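The primary structure of each chain is shown beneath.
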Amino acid sequence: MEDFLKKCEESNPGEKEFLQAVTEVVKSVKPVLDRHPEYLKEKILERMVEPDRIIIFRVPWLDDKGEVQVNRGYRIQMNSAIGPYKGGLRFHPSVNLSILKFLAFEQTFKNALTTLPMGGGKGGSNFDPKGKSDREVMRFCQSFMTELFRHVGQFTDVPAGDIGVGAREIGYLFGQYKRLQNEFVGVLTGKSLSFGGSLIRPEATGYGVVYFASEMLATRGETLEGKVCLVSGAGNVAQYTAEKLLAFGAKVVTMSDSNGYIYAEQGITREQLAYIMELKNVRRGRISEYAEKYKDALYVPVDPAKDYNPLWDHKADCAFPCATQNEINAKDAANLLKNGVSLVCEGANMPTVLEGVDILLDSKILYAPSKAANAGGVLTSGLEMSQNSMRLSWTREEVDSRLHTTMKAIHKACVNAAETYGTPGNYVDGANIAGFLKVADAMMAQGIV
Ligand code: NDP
Ligand code: 2IT
């Protein structure tokens, strides 16, 4: 194991997020490799950490002043053993190769857990949509797709949204793909309803996170009713996590963006959540405005001098990190436990540092890793692909019921895999092992490719 990780580090120098994601998976699947030396012999892990291919390209565009801007575009086509590459696009100034490779690696296992035939991919750009006009975002998306279109396709690679990429960006990307390829096909998911999108796709990641949390609580005879919940983020995943938590009778006391967080001790109401959705999705404003409007909420700006995030330092029962990677460090994990949190369910991808993961696992609280807990988003993207292929659209009830049933199945698969390989109750091992086995078996069957 150590030897493998050392080699991986040597061939991917400085890619700390990617190495973090690989380390976690390798630790989990060790008992599988001990029992199945054929995976070792066929170098399955070595092949899994090497992307099928990486595409990096220039994205030049004109801003509203007529000046030339240049960004970098990426698509990581990680693994296609069980289906066409599938995974989101992230537009954020922090985007780099390491972050996209970690996301594509995680996506491969997550997609395997969804039970649908989707391989793993991820892409994006260091473009920052914040403060840009709609026209600027459109010109950027058109330029991005002018290169990407030759590498994607409904049977090849189907991108979707992630941080900074929502319905607006998917619309512009789809329009440009259709124009270049002269084909109206489901090459992207997360589309608007009027041109092939699926009902429930916007809600799916957050709803799925809460369905997964309910399943975990059910193993201890508990429900979300009355539970005090810390949620981070105020984007797509955070909004619909909060919505479903309220529907299940829980109390949401925090939400955040990259500048700070709000704390509402009495709990955010449905009306207040609707305000946050309008603030973030329509006006593209800051969460601090919430505390200006609702005086009973506290606004706490980010303090770079602090080595912990005070959002995770409130009395609560459950925590739902839904913003970004590594937003819970070791101190935050300890604070969560100190404050009585007994369930952590990850909406964001890899929001907890490795040391934090160990702290949460040692504590024996209910802890769900992102690749299982947030799989509802890509799962519903898979359902969008099915509807596009059939040229049909399902009702809200149909899609939501498939989402709910499959999140229960993913929960069960994690529980079973953890039990079979000797760490009952460990959802990290469960998710990694169940995802690994499906991809590994497909790779074994397809020969050395
Ligand atoms: P959005 O762009 O809709 O929202 C992102 C939220 O996180 C915003 O509140 C944003 O604040 C905050 N955020 C982003 N980057 C940072 C950062 N570096 N530091 C602090 N806060 C940050 O994205 P999503 O809600 O779609 O994605 C959130 C997480 O969920 C990501 O980890 C994503 O990979 C994951 N995810 C998304 C899925 C989806 O279907 N959309 C599916 C599965 C996982 P600000 O506005 O200030 O930047
Ligand atoms: O991380 C993720 O699973 C996503 N951003 C969703 C990907 C998708 O293809 O819907």
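Residues numbered from 1 in each chain as written. Chains lettered and ligands numbered in written order. Predicted model: local features only at pLDDT ≥ 70, side-chain atom pairs only at ≥ 80, totals over all residues. Heavy atoms only, no water.

> Requested: an account of the site of ligand 2, with residues and values cited.
Taken together, the neighbourhood of ligand 2 is formed by 14 residues, with Lys86, Lys110, Asp162, Asn349 and Ser381 sitting nearest. The side chain of Asn349 places a nitrogen or oxygen atom 3.0 Å from an oxygen atom of ligand 2. Relative to its unbound accessible area of 290 Å², ligand 2 is 94% covered by the protein chains. Among the secondary structure elements, those contributing two or more residues to the shell around ligand 2 are β3 (85-91), α5 (97-113) and α15 (376-390). Residues that form the shell around ligand 2 fall into these classes: two nonpolar, seven polar and five charged. (Near = heavy atom within 4 Å. Polar contact = N/O pair within 3.5 Å; in protein donor to acceptor, adjacent residues only side chain to side chain. Areas by Shrake-Rupley, 256 points an atom, 1.4 Å probe, with all protein chains shown as cover. Helix = DSSP H or I, 4+ residues; strand = E, 2+ residues; numbered from the N terminus. Nonpolar A, V, L, I, M, F, W, Y, C, P; charged D, E, K, R; others polar.)

> How would you summarise the sheet that holds strand β8 (residues 260-263) if you had to cite specific residues and measurements?
Strand order in the open sheet made by the seven strands is β9-β8-β7-β6-β10-β11-β12, with mixed pairing throughout. Strand pairing shows two members of the sheet lacking a second neighbour, β9 (298-301) and β12 (366-368), which therefore form its edges. Across this sheet, the average inter-strand angle for adjacent strands is 15 degrees, counted without regard to direction. In this sheet, β8 lies alongside strand β7 (residues 251-257) in antiparallel orientation, the contact comprising four bridges. If you follow Met255 over to β8, its bridge partner there is Ile262. Strand contacts of helix α8 (residues 201-218): β10 (318-320), β11 (343-345) and β12, with the helix running at about 150 degrees to β11, the strand carrying the most contacts. (Pairing = 2+ DSSP bridges. Axes fitted to C-alpha atoms, helices over the stretch in contact; angles between N-to-C directions. Contact = heavy atoms within 4.5 Å.)

> Account for a nonpolar patch on the surface, with residues named and values stated.
A cluster of nonpolar side chains, namely Leu62, Val68 and Val70, defines an oily patch on the protein surface of about 290 Å² accessible area. Note that Val68 resides in strand β2 (residues 68-79). Residue Val68 is classed as exposed on the basis of its relative accessible area of 61%. (Patch = residues over 30% accessible without salt bridge, like charges linked within 9 Å, V, L, I, M, F, W, Y side chains within 5 Å. Salt bridge = Lys/Arg side-chain N within 4 Å of Asp/Glu carboxyl O. Buried < 20%, exposed > 50% of the residue type's maximum accessible area, 1.4 Å probe, protein only.)

> Before we move on, can you summarise the environment of Ser288 with the specific residues and values?
Structurally, the position occupied by Ser288 is in helix α11 (residues 288-293). For Ser288, a relative accessible area of 19% puts it in the buried group. The spatial distance from the C-alpha of Ser288 to the C-alpha of Val300 is 8.3 Å, given a sequence separation of twelve residues.

> Lay out the site of ligand 1 with the relevant residues and their values.
Asp162, Arg201, Ser258, Arg286 and Asn349 are the nearest of the 25 residues found near ligand 1. Side-chain polar atom of Arg201 to an oxygen atom of ligand 1: 2.9 Å apart, as the coordinates give it. Between an oxygen atom of ligand 1 and a side-chain N or O atom of Asn349, the distance comes to 2.8 Å. Residue assignment for the shell around ligand 1 shows that the elements contributing at least two residues are α8, α9 (236-247) and β7. Residues of the shell around ligand 1, tallied by class, amount to six nonpolar, twelve polar and seven charged.

> If you had to explain the packing of α5 against helix α17 (residues 427-445) to someone new, which residues and values would you point to?
Between α5 and α17, the least distance of the axes is 8 Å, while the angle of their chain directions is 85 degrees. One finds that α5 runs roughly perpendicular with respect to α17. In this structure, α5 contributes Thr108, Phe109, Ala112 and Leu113 to the contact, and α17 contributes Ala431, Asn432, Ala434, Gly435, Phe436, Lys438 and Val439. (Parallel < 35°, antiparallel > 145°, perpendicular 65-115°, else oblique.)

> Give a detailed account of the packing of α15 against helix α16 (residues 396-420), specifying residues and quantitative values.
Interaxial distance between α15 and α16 falls to 10 Å at its minimum, and their mutual angle equals 135 degrees. Taken together, the axis directions place α15 and α16 in an arrangement best described as oblique. Considering the relative orientation of α15 and α16, their crossing is right-handed. Residue-level contacts link Gly376, Leu379, Thr380, Leu383 and Gln387 of α15 to Val399, Arg402, Leu403, Thr406 and Met407 of α16. Class assignment for the residues of the contact of α15 with α16 results in five nonpolar, four polar and one charged. (Left-handed = near helix turned anticlockwise from the far one by under 90°.)

> Any details on the sheet that holds strand β5 (residues 157-160)? Residues and values, ideally.
Backbone-to-backbone hydrogen bonds join strands into a sheet, with any given pair of strands oriented parallel or antiparallel. Spatial ordering of the open sheet is given by β1-β2-β4-β3-β5, a layout of five strands whose pairing is mixed. Edge positions in the sheet fall to β1 (53-62) and β5, since each has one partner strand and no second. Here the strands of the sheet are splayed against their neighbours by 20 degrees on average, with no regard to which way each runs. Strand direction decides the pairing type here: β2 and strand β4 (residues 119-125), joined by six bridges, are antiparallel. Along β4, the bridge assignment pairs Tyr74 with Gly124. On the sheet, α5 packs against β1, β2, β3 and β4 and is oriented at approximately 150 degrees with respect to β4.

> Which residues make up the packing of aromatic side chains, and what values do they have?
The final tally for this structure, using the stated rule, is 20 aromatic pairs. Summarising the aromatic geometry, the rings of Phe174 and Phe184 are spaced 5.1 Å apart at their centres and angled 75 degrees between planes, so their arrangement reads as edge-to-face. With Phe174 in helix α7 (residues 167-181) and Phe184 in the loop between α7 and α8, the pair connects residues that are ten residues apart, well separated along the chain. Within the aromatic cluster, the residues linked to one another by ring pairs are Phe57, Trp61, Phe91, Phe127, Phe140 and Phe144. The ring of Phe18 has Lys101 sitting right over it, with the charged end atom 4.4 Å from the ring centre. The cationic tip of Lys244 hangs over the ring face of Tyr207; the distance from NZ or CZ to the ring centre is 4.2 Å. (Phe/Tyr/Trp six-rings, centres within 6.5 Å; stacked < 30°, edge-to-face > 60°. Lys NZ or Arg CZ within 6 Å of the ring centre and 35° of its normal.)

> Give a description of α9 that names residues and reports values.
Structural remark: α-helix, 3.6 residues per turn; residues separated by three or four positions point the same way. For α9, with twelve residues, the first-to-last C-alpha span of 17 Å sits near the 16 Å given by 1.5 Å per residue. Counted residue by residue, α9 has nine buried out of twelve residues, so it is predominantly covered. Every buried residue of α9 is listed here: Val237, Ala238, Gln239, Tyr240, Thr241, Ala242, Lys244, Leu245 and Leu246. Structurally, α9 contributes buried residues whose contacts are with α8, β6 (228-231), β7, α10 (270-282), β10 and α16. Downstream of α9 by a residue or two, Gly249 has a phi angle that is positive, lying close to 85 degrees. (Expected span 1.5 Å × (residues − 1).)

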